[in-house]
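Spelled out, the chains give:
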Amino acid sequence: MKLTLKAALALAFGLSAGLANAATELVIATVNNGHMIEMQKLTKHFEQANPDIKVKWVTLEEGVLRQRVTTDIATKGGQFDIMTIGMYEAPIWGKKGWLQELKTDAAYDADDLLPAIRSGLSVDGKLFAAPFYGESSMLMYRKDLADKAGVKVADKPTWTDIKDLAAKIHDPKNGVYGICLRGKPGWGDNMAFLSTLVNTFGGQWFDMAWKPQLESKPWKDAINFYVDLLKNYGPPGSAANSFNEILALTNAGKCGMWIDATIAASFVSDPKQSKVADQMAFAQAPTMNTPKGANWLWSWNLAIPAGSKKVDAAQKFIGWATSKDYVQLVAKTNGWANVPTGTRKSTYASPEFQKAARFAAAEKAAIDSANPTDSTLPKSPYIGVQFAAIPEFQAIGIAVGQQMSAALAGKTSVDAALKTSQQAAEREMKKAGYYK
């Protein structure tokens, strides 16, 4: 049977339309920070190379993202084909069977991933999430203000040093605050920072019998120090500030010092984003009674829910977004100072990166020194630096975070906040059967 030209064209058009309609749509939930937003802009390169896959982004604030993806994966809701999850969720969900194991090929080079990061995302040697960027925490400070005050900041300062410098550079009349620190409540917001502060003061979340330690001397000393420090030398409204708010303040030249995620270094040292980029300097997170657990270990990662029906397409996207080639793409598009860091040895080995990123050595030193299996002075039963990798920690961290924020805002005393926190933690741990 012969087809007329018109019929043949119609058939060809119908087939191509059918193929276009058959494109796999990947729905990806992610967090609203700079590196993830950049990934969305660069996704066109992935779609051009993979015309059978279309990517749809759901971009959420950190706390909302955690809530949405946790609910979706626990209920097998199937809203997302790829989830952005943290180092806290990855091992817990992998162990529960909630995530697909990630299969990587030789080109991906999983051995190039930084050991501390890879280990934190694996269960029994199996990788359940791929790191998009990793981080520790460190001190970022205005060297011009320190110089003016006649202070040389040590590579490994103490919290006493930090308090002394904050007092000298605090100049609110001219819009400069001695120090900016997280105060917004959340287990991944204020409690990420405060856990490291408590660690270095010699504290822990739970003792070896899983009893909460929130009314111990190290917790009281650390939280009183924190509240006093921000009350005297911090910006007004600190109880509402987390990463994004303080990043904006720092880039506007309003923070003399900031201890937070190493990932911020690439933003605060970028002249396109920061008014004081040339003045920013970097050192290790401060210590107090012990160096243990003074700086956290974290990564934002891409993972596939166990029930996904689009595993092949999802694996392909994750392989692209967390690859060496993606790092090269960002470097070519935005410069080496803006590549996602904290994931690959090859990034830090790059001479172009070392030249562009003044913070590279301090950042890698911080990541390498973080040890989630030995992060507290007294022995602890949990893994994690700024969190305890147990399912109950999320609820406990949120409850404690609210109390710490209230204490910072002057709505309650530190002792009362810690007492309420202790009671909340004990309730959760008893309910979960850790002890009677």
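So, a few notes on the structure that sits alongside this text. Since this is a predicted model, take the numbers as computed values, not measurements.

1. Structural notes on unusual backbone geometry
Line of reasoning, step 1. At Asp 109, a residue that is not glycine, the phi angle is positive and equals roughly 60°.
Line of reasoning, step 2. Secondary-structure assignment places Asp 109 in the loop between α4 (89-96) and α5 (115-120).
Line of reasoning, step 3. Positioned with a positive phi, Asp 124 is a non-glycine residue whose angle comes to about 50°.
Line of reasoning, step 4. Inspection of the secondary structure assignment puts Asp 124 in the loop between β4 (122-123) and β5 (126-127).

2. Describing the nonpolar core
Line of reasoning, step 1. Grouped together as the largest cluster of nonpolar side chains are 143 residues, with contacts concentrated most on Trp 159, Ile 179, Trp 205 and Phe 317.
Line of reasoning, step 2. Not counting chain neighbours up to four residues away, the residues in contact with Trp 159 comprise Ile 179, Leu 181, Phe 193, Leu 197, Thr 200, Phe 201, Phe 225, Leu 229, Ile 259, Pro 286, Thr 287 and Met 288.

3. With respect to helix α8 (residues 190-200)
Line of reasoning, step 1. Of all eleven residues that make up α8, eleven are buried, and the element is covered over most of its length.
Line of reasoning, step 2. Packed against the buried residues of α8 are α7 (159-169), α9 (217-233), β8 (257-261) and α17 (393-408).
Line of reasoning, step 3. At the exit of α8 stands Gly 202, carrying a positive phi of roughly 100°.

4. Describing the environment of Leu 127
Line of reasoning, step 1. Among the structural elements, Leu 127 can be located in strand β5.
Line of reasoning, step 2. With relative accessibility at 8%, the residue Leu 127 sits in the buried group.
Line of reasoning, step 3. Residues Leu 127 and Thr 104, 23 residues apart in the sequence, show an inter-C-alpha distance of 9.1 Å.

5. Side note on the layout of surface pockets
Line of reasoning, step 1. In this structure, the largest pocket occupies an estimated 500 Å³ of space.
Line of reasoning, step 2. Together, 21 residues line the largest pocket, and Pro 91, Ile 92, Ser 122, Ile 383 and Ala 389 are the ones closest to its centre.
Line of reasoning, step 3. Breaking the lining of the largest pocket down by element, the ones donating at least two residues are α4, α5 and β4.
Line of reasoning, step 4. The biggest single contributor to the lining of the largest pocket is α4, with four residues.
Line of reasoning, step 5. Classifying every residue of the lining of the largest pocket by side-chain character gives 13 nonpolar, five polar and three charged.

6. A word on the side chain of Arg 142
Line of reasoning, step 1. If you trace the backbone, Arg 142 turns up in strand β7 (residues 137-142).
Line of reasoning, step 2. There is a polar contact of 2.8 Å between the side chain of Arg 142 and the backbone oxygen of Gly 253.
Line of reasoning, step 3. Dropping the residues within four chain positions of it, Arg 142 is found in contact with Val 176, Gly 253, Cys 255, Gly 256, Val 276, Gln 279 and Met 280.

7. Comments concerning the packing of α9 against helix α18 (residues 414-431)
Line of reasoning, step 1. Closest axis-to-axis distance for the α9/α18 pair is 10 Å, and the angle between their directions is 130°. Between α9 and α18, the angle falls in the class oblique. Seen from above, α9 lies across α18 with right-handed handedness. Residues Trp 219, Lys 220, Ile 223, Asn 224 and Val 227 of α9 form the contact with α18, whose own contacting residues are Val 414, Asp 415 and Leu 418.
Line of reasoning, step 2. In terms of residue class, the contact of α9 with α18 is built from five nonpolar, one polar and two charged.

The rules behind these values
Residues numbered from 1 in each chain as written. Predicted model: local features only at pLDDT ≥ 70, side-chain atom pairs only at ≥ 80, totals over all residues. Heavy atoms only, no water. Helix = DSSP H or I, 4+ residues; strand = E, 2+ residues; numbered from the N terminus. Core = buried A, V, L, I, M, F, W, Y, C linked by side-chain atoms within 4.5 Å. Buried < 20%, exposed > 50% of the residue type's maximum accessible area, 1.4 Å probe, protein only. Contact = heavy atoms within 4.5 Å. 1 Å grid on protein atoms, 1.4 Å probe; cavity = no way out; pocket = protein on both sides within 12 Å on 5 of 7 lines; lining within 4 Å. Points joined across faces, edges and corners; volume = space filled by probe spheres on them. Nonpolar A, V, L, I, M, F, W, Y, C, P; charged D, E, K, R; others polar. Polar contact = N/O pair within 3.5 Å; in protein donor to acceptor, adjacent residues only side chain to side chain. Axes fitted to C-alpha atoms, helices over the stretch in contact; angles between N-to-C directions. Parallel < 35°, antiparallel > 145°, perpendicular 65-115°, else oblique. Left-handed = near helix turned anticlockwise from the far one by under 90°.

Any link to function would need more than the numbers given here.
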